[in-house]
Amino acid sequence: MPRTYATAGQRVMARYALIRPELDAVEEMMRQTAVTELPPLREAYLKILDRGGKRLRPTLALLSASLLREPKTPVPDSVIALGGAVEMLHTSTLVHDDVIDEATLRRGAPTLNTTWSAGASVLAGNYMFAQAAYYSARTGHARVNQIFSDSLEILVKGEIEQLKAKHDLDTSRLQYFKRIAWKTSSIFRIATESAGFLAGFSDVRIRALRRFGHHFGLAFQIVDDILDYISDPEALGKPAGCDLLNGYCTLPFFLYLDRQPERRPVLERLKEANSYRFRAPEVWTQAVQDFVAATCQSGAIEGAYDLAQRHVTKAQACLQLFPQSDYRQALHEQSETILTRLL
């Protein structure tokens, strides 16, 4: 299971210090464009911004664009706009996910749809989509706008695939990986690949940054799926096993079934419990709790971690095309931090 990184906290602080002025500029830009003519929407928008998060996607964009940056040379405004675009795109998907899953908590705080109707919450998410497109246009780069447009299509396809797979316990591992590549990894790819274009990198280096974002995103989602099984509910901000409870099969699910001498009877018992989720939801809840406990004891979590680690290693290998620098080291450590979330 996870290695120990003794100075992980210090490294995180140093990494963000490298781009703190630029991250602050992204934050300020997003706040300045908050709507004023619709007070309820403005309030919701600012509340979601205040909830924060690590601003991971803008961080990747800023660090990627800085890989060949000379000391004390400012990051172009176009990269600041890219940071806002990927953060708002990510935020809009969270709002929509909460509506689809009827979630009441996000990062331990009430979701928008606890106070707004589902329709109004969807429209708020759409507004954030529009904000993301606006920031993308502000980069002034046609290729970046094309990447953003293409990725929106992929992202929506991922959302649709996820909906199709909901409560389908016969879904495949291949479908799972396609889904997370489209739904999660795509936004990381926008951040890193677009940063390469805005920084004027060669095609070879831009492709390397695209691969970096792809593998980073896969590792990130796998770890997120592991945390859903092993985290304390209060720390996670949602119940353990919440994904499966909502009908989503993730990597630990598949790896657990792979470890069963008789896969079919285990799956049939779970499907039987799932059929009770409306008329006797406690039956489904108990079945999920039992499944999660068995998964954690089976070695499936360790197997999922090993796969996440392999994707982190692949992401880090993509950075070899760039000269050693504080920014490259920060990206290397940022990818490593994915794994430390499990400590």
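I will try to describe carefully the structure that is included in this document. (Residues numbered from 1 in each chain as written. Predicted model: local features only at pLDDT ≥ 70, side-chain atom pairs only at ≥ 80, totals over all residues. Heavy atoms only, no water.)

Attention now goes to the environment of Ser151. As for its placement among the helices and strands, Ser151 is situated in helix α7 (residues 142-165). Taking C-alpha positions, Ser151 is 8.1 Å from Trp182, a pair spaced 31 residues apart along the chain. (Helix = DSSP H or I, 4+ residues; strand = E, 2+ residues; numbered from the N terminus.)

Over its 15 residues, helix α16 (residues 326-340) runs 20 Å from end to end, which matches the ideal 21 Å to within 8%, given 1.5 Å per residue. With 12 of its 15 residues buried, α16 lies for the most part within the structure. For α16, the set of buried residues is Tyr327, Arg328, Ala330, Leu331, Glu333, Gln334, Ser335, Glu336, Thr337, Ile338, Leu339 and Thr340. (Expected span 1.5 Å × (residues − 1). Buried < 20%, exposed > 50% of the residue type's maximum accessible area, 1.4 Å probe, protein only.)

In this section: the packing of helix α2 (residues 20-32) against helix α5 (residues 77-101). Across the interface, α2 lies against α5 with an axial gap of 9 Å and an inter-helix angle of 65°. Here α2 runs over α5; the crossing is right-handed. Judged by residue contacts, Glu22, Ala25, Val26, Met29 and Met30 of α2 engage Ile80, Ala81, Gly83, Gly84, Glu87 and Met88 from α5. Here the contact of α2 with α5 is built from residues that sort into seven nonpolar, two polar and two charged. (Axes fitted to C-alpha atoms, helices over the stretch in contact; angles between N-to-C directions. Left-handed = near helix turned anticlockwise from the far one by under 90°. Contact = heavy atoms within 4.5 Å. Nonpolar A, V, L, I, M, F, W, Y, C, P; charged D, E, K, R; others polar.)

In this section: the state of the cysteines. Under the counting rule described, the total for this entry stands at zero disulfides. Free of any disulfide, Cys242 has its nearest cysteine sulfur in Cys249, 14 Å distant. (Disulfide = S-S within 2.5 Å.)

What follows deals with the packing of aromatic side chains. Throughout the structure, instances matching the rule amount to 10 aromatic pairs. With 5.0 Å between their ring centres and 65° between their planes, Tyr176 and Phe177 make a pair best called edge-to-face. Each member of the pair Tyr176 and Phe177 is classed as buried. Look at Phe188 and Phe220: their rings are 5.4 Å apart centre to centre, the planes differ by 55°, and that puts the pair in the tilted class. On the criterion of sequence distance, the pair formed by Phe188 in helix α8 (residues 173-198) and Phe220 in helix α9 (residues 203-230) is long-range, its members being 32 residues apart. You'll find Phe188 and Phe220 in the same group, each marked buried. Members of the aromatic cluster, joined through ring pairs, are Tyr176, Phe177, Phe253, Phe254, Tyr256 and Phe291. One residue, Lys157, lies across the ring of Trp182, its end atom 4.8 Å from the ring centre. (Phe/Tyr/Trp six-rings, centres within 6.5 Å; stacked < 30°, edge-to-face > 60°. Lys NZ or Arg CZ within 6 Å of the ring centre and 35° of its normal.)

Its identity is not glycine, yet Arg55 carries a phi of approximately 55°, on the positive side. One can find Arg55 in the loop between α3 (39-51) and α4 (56-65). Classification of Arg55 as buried rests on a relative accessible area of 10%. Even without glycine at this site, His167 takes up a positive phi of about 60°. Among the secondary structure elements, His167 is positioned in the loop between α7 and α8.

The next thing to look at is the environment of Ala219. Along the chain, Ala219 turns up in helix α9. Through-space distance from the C-alpha of Ala219 to that of Ala308 is 4.4 Å; in sequence the pair is 89 residues apart.

Here the focus is the packing of α4 against α5. In a pair of packed helices, the angle between the axes and the distance between the axes together describe the arrangement. Where α4 contacts α5, the two axes come as close as 8 Å, and the packing angle between them is 155°. Comparing their axes, α5 and α4 come out roughly antiparallel. α5 is crossed by α4, and the crossing has right-handed handedness. On α5, the residues that touch Arg57, Pro58, Ala61, Leu62 and Ala65 of α4 are Val79, Ile80, Leu82, Gly83, Val86, Glu87 and His90. (Parallel < 35°, antiparallel > 145°, perpendicular 65-115°, else oblique.)

Moving on, we get to the side chain of Gln131. Locating Gln131 in the fold gives a position in helix α6 (residues 118-138). In this view, Gln131 contacts Thr33, Tyr45 and Met88; residues no more than four positions away in its chain are not counted.

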